[in-house]
Amino acid sequence: MEDKQFIKNFEEQVKNTIKKYKLFDKKDKILVACSGGKDSTTTLYLLKKFGYNVQAGIIDLKIGKFSDINLNNIKNFCKEKKIKINVFDFRKEFGFSFCYIRDILKSKNIKLNSCTICGILRRYLMNKLARKLKFTKLATGHNIDDEAQTILMNQFKGNIKLSAKQGPISGILKNKKFIPRVKPLYFSKEDDIRKYSKLMNFPVNYEPCPCSTKAYRRSIRTLIPKYEIEVNNIVESFFKILPSLQKQYKNEKINYCIICSEPTPGKECKTCQLIKKLKQ
Ligand code: SF4
Ligand SMILES: [Zn+2]
């Protein structure tokens, strides 16, 4: 396919996903959770191109050179495209750098890998900051490969409840303190996003994060092509059971964390539990 036609088809697919699943409209104020990578940069670019009220949000994790390169890239990109950027300093928000938190938890024998800790803290922070800045939607760069891997991982680990949170609009529990999370690239393949990002010359770091511990996801990622499984088939069949999964878990009660007042199904949110363990 010619590059021009590829770009047109790719953009149409994202447009259709936004429309079909009513991810947001022109009245929404959207924060794109950026990392400096191809997926979130593409999301940011397309939302701006389609005329939405969009801004970039990046959490500076301070993972050495990796964070510096990503931050620099996204700052330059936003400057060039005239997009407002919000840089959130991880250390300022939590009092410690990400690497420090991870190392201390590890030394206390807490069996959580880097990506799990990072994911919990980043989701918490993005939601809190998006709410504070009055954004109405939080967009992420998740693609169909991520989604298919997550569905399989949850299935293999017996975490079916976690799958109920998947889909183009994440989460099932509605609460005014949760900013709805949406995935405009939900049906886009990772290879296509890479190709699009390269054709568009986005200033993107294609290197993986040095702290990545997604070993289980990596093995699922290699398993999919090995057995010639189509990611579309995984997601399409998942869609058939998603409504009943959502129905099953949607009435779960939401409490407010007794430490930070953020919404959580338990008494204390996962972030406060981690910070508490850190200080013990
Ligand atoms: S790869 Fe893991 S540690 Fe690195 S930014 Fe992503 S979630 Fe965080
Ligand atoms: Zn809390």
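These notes cover the structure that comes with them. (Residues numbered from 1 in each chain as written. Chains lettered and ligands numbered in written order. Predicted model: local features only at pLDDT ≥ 70, side-chain atom pairs only at ≥ 80, totals over all residues. Heavy atoms only, no water.)

**Topic: the side chain of T43**
Okay, so step 1: Tracing the chain through its elements places T43 in helix α2 (residues 38-49).
Okay, so step 2: Residue classification places T43 among the buried positions, given a relative accessible area of 1%.
Okay, so step 3: Non-local contacts of T43, meaning those with residues more than four positions away in its chain, are made with V32, A139, T140, G141, P184 and L185. (Helix = DSSP H or I, 4+ residues; strand = E, 2+ residues; numbered from the N terminus. Buried < 20%, exposed > 50% of the residue type's maximum accessible area, 1.4 Å probe, protein only. Contact = heavy atoms within 4.5 Å.)

**Some words on the site of ligand 1**
Okay, so step 1: Neighbouring ligand 1 are L61, C115, C118, R122, C209, C211 and S212.
Okay, so step 2: Of the residues assigned to the shell around ligand 1, the class counts are 5 nonpolar, 1 polar and 1 charged. (Near = heavy atom within 4 Å. Nonpolar A, V, L, I, M, F, W, Y, C, P; charged D, E, K, R; others polar.)

**A few points about the pattern of salt bridges**
Pairs may arise between side chains of opposite charge once their charged atoms sit close together.
Okay, so step 1: Tallying each qualifying case throughout the model produces 17 salt bridges.
Okay, so step 2: With a shortest N-O distance of 4.0 Å, E12 and K15 are connected by a salt bridge. Taken together, the residues E12 and K15, both in helix α1 (residues 3-20) and 3 residues apart, mark about one turn of the helix.
Okay, so step 3: For E12, a relative accessible area of 36% translates into the label partly exposed.
Okay, so step 4: Linking R194 and D191 is a salt bridge whose minimum nitrogen-to-oxygen distance equals 3.1 Å. Of this pair, R194 and D191 are both found in helix α9 (residues 190-199), 3 residues apart, which corresponds to roughly one turn of the helix. (Salt bridge = Lys/Arg side-chain N within 4 Å of Asp/Glu carboxyl O.)

**Brief notes about the coordination of the zinc ion (ligand 2)**
Okay, so step 1: Those donors, C257 (SG), C260 (SG), C269 (SG) and C272 (SG), are the protein atoms that reach the zinc ion (ligand 2), and they lie 2.2 to 2.3 Å from it.
Okay, so step 2: We note that the donor set of the zinc ion (ligand 2) lies within a single chain, spaced as C-x2-C-x8-C-x2-C. Within this pair, whereas C257 is found in the loop between β7 (255-256) and β8 (263-264), its partner C269 is found in the loop between β8 and α12 (270-279), the two being separated by 12 residues in sequence.
Okay, so step 3: The exposure class assigned to C269 is buried, which follows from its relative accessible area of 5%. (Donors = N, O, S within 2.8 Å, 3.2 Å for Na, K, Ca; no water.)

**Description of the nonpolar core**
Okay, so step 1: Counting 31 residues, the largest nonpolar core has F90, F94, F98 and I101 as the members making the most contacts within it.
Okay, so step 2: Mapped onto this core, the elements with two or more residues apiece are β1 (29-34), α4 (90-94), α5 (98-107), α6 (114-132) and α12.
Okay, so step 3: Looking at this core element by element, the count peaks at 9 residues for α6.
Okay, so step 4: Excluding residues within four positions of it along the chain, F98 makes contact with L61, I63, F90, S114, I117, C118 and C211.
Okay, so step 5: Counting residues in hydrophobic clusters, the runner-up holds 30 residues, among them L23, F24, I30 and L185. (Core = buried A, V, L, I, M, F, W, Y, C linked by side-chain atoms within 4.5 Å.)

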